[in-house]
Amino acid sequence: MQNDPQQVRNIIPKHLQQHIQQQKQQEQQHVATTKATTSNNKATTKQQQATGKTTYIKPCINQQDFAQTLSNYRVFVHNYNKALPETNKNIRHYNNNVLQHKSNEDATKEIENKISLFHYSNSSSYNNWQYNKSVEKFNKENGLWLKKRKIQSVKPATVEYFAAFLHEYMTQLHKRNKIRTQAGINHKQNLPDFKLNPNNIIKQMRNGIQNLDVSTRSVRRHRQRLEECGILKDYSFHSHARPIQISFNTSVLCASESSKNQKQQKTENQTLSSDKRTVCPHTNVVVTSTFKNNKKKKEIVDNQSHDKEVKSANAYKNNYKNTKPQVAKSEIAGPAEISKKEAQYSQNLRDRLEIPFDFAAKLANGEFDYYLPIDKRRLLYEVRTGTLNADEFKEFCIQDFLKSSAKLWKNNHAAAGCWYNTYEMLMNEWFVTFAGVTFDKKTTFEKLLEYRYRLNRAKSFFDHTNWNNVRYPSDYFNLQVKDPKNVCFGYTRKFWKQKLKKDEQYQAKQAKRRGKAKRIDAQRKQDRQHNRKLKAAVNKFLKKTITFDQLTDYVTNNLPSSYLYKIPNIIQEKTKTYA
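What comes next concerns the included structure.

Re the overall build of the protein chain
Of regular secondary structure, the protein chain possesses 21 helices and nine strands. By residue count, 36% of the 579 residues in the protein chain fall in the buried class. Partitioning the intrachain contacts of the protein chain with sequence separation of at least 6 by distance along the chain shows that 73% fall at a separation of at least 24. Put simply, the protein chain shows about 36300 Å² of open surface, and 49% of that area lies on carbon and sulfur atoms.

Remarks on the sheet that holds strand 2 (residues 194-196)
Taken together, three strands build an open sheet; the order of strands is 2-6-5 and the sheet is antiparallel. In this open sheet, the two edge strands, each paired with only one partner strand, are strand 2 and strand 5 (232-236). Strand-to-strand twist of the sheet, defined as the mean angle between neighbouring strand axes without regard to direction, takes the value 35°. Inspection of the sheet shows strand 5 paired to strand 6 (residues 244-248) by three bridges, in the antiparallel sense. The residue of strand 6 that forms the bridge with Leu 232 is Phe 248. Strand contacts of helix 9 (residues 216-229): strand 2, strand 5 and strand 6, with the helix running at about 115° to strand 5, the strand carrying the most contacts.

Description of the environment of Ala 107
Tracing the sequence through the fold places Ala 107 in the loop between helix 4 (63-104) and helix 5 (109-121). Separated by 38 residues in the primary sequence, Ala 107 and Trp 145 place their C-alpha atoms 8.1 Å from one another. Beyond its immediate sequence surroundings of up to four residues, Ala 107 is in contact with Glu 112 and Trp 145.

Quick look at the nonpolar core
If you look at the biggest cluster of nonpolar residues, it comprises 48 residues, and the most contacted ones within it are Phe 401, Leu 402, Tyr 476 and Phe 477. For this core, the secondary structure elements donating two or more residues are helix 12 (340-351), helix 13 (356-365), helix 14 (376-385), helix 15 (390-405), helix 16 (416-429) and helix 17 (441-465). It is helix 16 that provides the largest number of residues to this core, a total of eight residues. Discounting residues that sit within four places of it in the chain, Leu 402 has contacts with Phe 359, Leu 363, Trp 419, Thr 422, Tyr 423, Leu 426 and Phe 477.

Looking at the environment of Lys 233
Note that Lys 233 resides in strand 5. With sequence-adjacent residues up to four places away left out, Lys 233 is seen in contact with Ile 246, Ser 247, Phe 248 and Asn 249.

Observations concerning helix 4
Counted at 1.5 Å a residue, the expected span for helix 4 with its 42 residues is 62 Å, and the 60 Å between its end C-alpha atoms agrees. By the largest-angle criterion, Leu 84 marks the main kink of helix 4, which is about 35°, and a proline, Pro 85, follows within four residues. With a side-chain oxygen lying 3.2 Å from the backbone nitrogen of Gln 64, the N-terminal cap of helix 4 falls on Asn 62.

Digging into the pattern of salt bridges
Applying the stated criterion across every chain yields a total of 13 salt bridges. The salt bridge partner of Lys 148 is Glu 136, with a shortest N-O separation of 2.5 Å. Of this pair, Lys 148 sits in the loop between helix 6 (128-142) and helix 7 (158-183) while Glu 136 sits in helix 6; the two residues are 12 residues apart in sequence, bridging distant segments of the chain. We classify Glu 136 as partly exposed; its relative accessible area is 30%. Ionic pairing is found between Glu 392 and Arg 350, a salt bridge with its closest N-O pair at 3.4 Å. Of this pair, Glu 392 sits in helix 15 while Arg 350 sits in helix 12; the two residues are 42 residues apart in sequence, bridging distant segments of the chain. Accessibility classification places Glu 392 together with Arg 350 in one group, the buried group. What emerges from the salt-bridge pattern is a single network uniting Lys 447, Glu 450 and Arg 454.

A word on the side chain of Thr 492
Along the chain, Thr 492 turns up in the loop between helix 18 (473-476) and helix 19 (493-542). Setting aside residues up to four positions removed in sequence, Thr 492 forms contacts with Arg 454, Ala 458, Tyr 476 and Val 487.

Focus on the packing of aromatic side chains
Centre distance and the angle of the planes are the two values used to describe a pair of aromatic rings. This model, assessed by the stated rule, comprises 32 aromatic pairs. Taking 6.2 Å as the distance between ring centres and 75° as the angle between the ring planes, the aromatic pair formed by Trp 430 and Phe 431 counts as edge-to-face. Here a set of aromatic residues connected by ring pairs shows up, and it is made of Phe 401, Trp 409, Trp 419, Trp 430, Phe 431, Tyr 451, Phe 462, Tyr 476, Phe 477 and Phe 489. Between Arg 149 and the ring centre of Tyr 131, over which it is positioned, the NZ or CZ distance is 3.7 Å. The positively charged end of Lys 566 is found above the aromatic ring belonging to Tyr 563, 4.1 Å away from the centroid.

A few points about the packing of helix 19 against helix 20 (residues 548-558)
Where helix 19 meets helix 20, the axes come as close as 9 Å, and the angle between the chain directions of the two elements is 170°. Classified by the angle their axes make, helix 19 and helix 20 are roughly antiparallel. Remark: the crossing between helix 19 and helix 20 carries right-handed chirality. In this structure, helix 19 contributes Lys 533, Leu 534, Ala 537, Val 538 and Phe 541 to the contact, and helix 20 contributes Phe 548, Leu 551, Tyr 554 and Val 555. Split by residue class, the contact of helix 19 with helix 20 holds eight nonpolar, no polar and one charged.

Quick look at unusual backbone geometry
A positive phi angle, close to 55°, is found at Asp 234, a residue other than glycine. If you check the backbone angles, Lys 544 has positive phi at about 60° while not being a glycine. Its location among the elements puts Lys 544 in the loop between helix 19 and helix 20.

Quick notes on a positive patch on the surface
On the surface, Lys 89, Arg 92, Lys 150 and Lys 155 cluster together into a positively charged patch. For Lys 150, the position within the fold is in the loop between helix 6 and helix 7.

Digging into helix 13
Along helix 13, nine of the 10 residues are buried, which leaves the element largely enclosed by surrounding structure. Restricting attention to buried positions, one finds in helix 13 the residues Pro 356, Phe 357, Asp 358, Phe 359, Ala 360, Ala 361, Lys 362, Leu 363 and Ala 364. Gly 366 sits one or two positions beyond helix 13 and adopts a positive phi of about 80°.

Structural notes on the environment of Val 219
Within the element layout of this structure, Val 219 appears in helix 9. When its relative accessible area of 1% is taken as the criterion, Val 219 is described as buried. Measuring from C-alpha to C-alpha, the distance between Val 219 and Asn 197 comes to 9.2 Å, with 22 residues separating the pair along the chain. When near neighbours in sequence (up to four residues on either side) are disregarded, Val 219 contacts Tyr 161, Phe 165, Pro 198, Ile 201, Ile 202 and Val 214.

Cut-offs and rules
- Residues numbered from 1 in each chain as written.
- Predicted model: local features only at pLDDT ≥ 70, side-chain atom pairs only at ≥ 80, totals over all residues.
- Heavy atoms only, no water.
- Helix = DSSP H or I, 4+ residues; strand = E, 2+ residues; numbered from the N terminus.
- Buried < 20%, exposed > 50% of the residue type's maximum accessible area, 1.4 Å probe, protein only.
- Contact = heavy atoms within 4.5 Å.
- Areas by Shrake-Rupley, 256 points an atom, 1.4 Å probe, with all protein chains shown as cover.
- Pairing = 2+ DSSP bridges.
- Axes fitted to C-alpha atoms, helices over the stretch in contact; angles between N-to-C directions.
- Core = buried A, V, L, I, M, F, W, Y, C linked by side-chain atoms within 4.5 Å.
- Expected span 1.5 Å × (residues − 1).
- Bend = angle between axes of the 7 residues up to and from the residue.
- Polar contact = N/O pair within 3.5 Å; in protein donor to acceptor, adjacent residues only side chain to side chain.
- Salt bridge = Lys/Arg side-chain N within 4 Å of Asp/Glu carboxyl O.
- Phe/Tyr/Trp six-rings, centres within 6.5 Å; stacked < 30°, edge-to-face > 60°.
- Lys NZ or Arg CZ within 6 Å of the ring centre and 35° of its normal.
- Parallel < 35°, antiparallel > 145°, perpendicular 65-115°, else oblique.
- Left-handed = near helix turned anticlockwise from the far one by under 90°.
- Nonpolar A, V, L, I, M, F, W, Y, C, P; charged D, E, K, R; others polar.
- Patch = residues over 30% accessible without salt bridge, like charges linked within 9 Å, V, L, I, M, F, W, Y side chains within 5 Å.
- Lys, Arg positive; Asp, Glu negative; His and termini not counted.
- Charge placed at Lys NZ, Arg CZ, Asp CG, Glu CD.

Set out below in structure tokens:
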């Protein structure tokens, strides 16, 4: 009798199947290899095609890769779900044969023990494909006694979990690339495994809101379904204190080589673009300086030097003398109407935004040498109730910060080009995530308070030492420069850490004092309650409602032991009062 190839394949161990498959792939690759390739290229090509993986130096998932991966996911799931009805039909036919066999033949004691052992060993199996293979193997050896499981389809809601997994993997790749760059590792490697921690998935935030308001159990269930359908594979468990390791299917995942100037973005958020904005209802429609700068900069920046050798400040003023922000009146309607006071307040802040080149010229002329920063309470009011979007609020905070910092160079003014370079650097690197997404207004506000504190500490140092030789703004505010000799802004982070440590110590002392006062107050409250109970019990004794033994029993069973010795004093006080 000729053996069924599928049955023979099931008998061969998995590692031997992989070995045979790799040998076949290597033979095919050997035939396809041309004579012109070198021996090193031959070896590399063989390894990559045999493993089916592409190697990377610094793999990343940019916006296009993210979108393509989701598209591949939908195609994969569609084809998978489309093939399930026929598969489940075969499973029902197989289970009907099992029921017919069980109706015609009674199971022996030995078979029942084997069935119990099978269920015990496969009780934690969540992959129905593997479980059904185990059932086939058992029934082939012992007869048709076990039924197969129905294969579940991948539900539409699973795509949200897959996107969350992909975003977490993108973050892990970015951190890995940063470490590899610092360590100087530049050789190619396969894509690393995805370290999946359900707690990190449910803690993901999207526009200040929890991305998936679910439990860790739901994350695990969807992960198991993705692993069952083949999108996730190579599950590896190490311990309960560590995340599991799993890899994405290479036919679904799209990754690319990270370039030096490449910017990554959070693809589940709205793509940020300076020349295209989403207009939301109940807000002012404003064309800000950030929008206009992208068009003006193309015409002017080629003719301007980004060093000290630039045009004079008057040239910048002449170029933008008549340029003003264009403001359109907002149409406020509906139940979510914004008050005129809040809209006008935000519009006042919006009107204070400067054109970048004009702003750089004013800084070079010393117009903000004695500038007082805007009160943080006004900014906090804008964060809570204002209509400025995150980009506008970020631009306003950066301009306000640069105005406050101008006092450092009041005795040695920097050129307008240097200020412009500083402004561009801050707009690109400050108040944004590593993927280039702008912070929400609350985070930007908190970061601005930190920068103000660090700037004031640096100014105090320069004033105390009568030091006027401060480095150029574009060099001074570069967070990568941490020169302690010149007290660069990157070095001032040390002052902020010291402040946070002092604040933490102070808060710990205050918490300790509050805890002690709270315990004392609770003890006093409890003592008053116990005294009231004791006096009430003594009153019942004096009124001869209860006996003395009942009084002592009550105090012993319901009050602290020390109150038993207070009974005589309370009785004497009550007797004198009644007398």
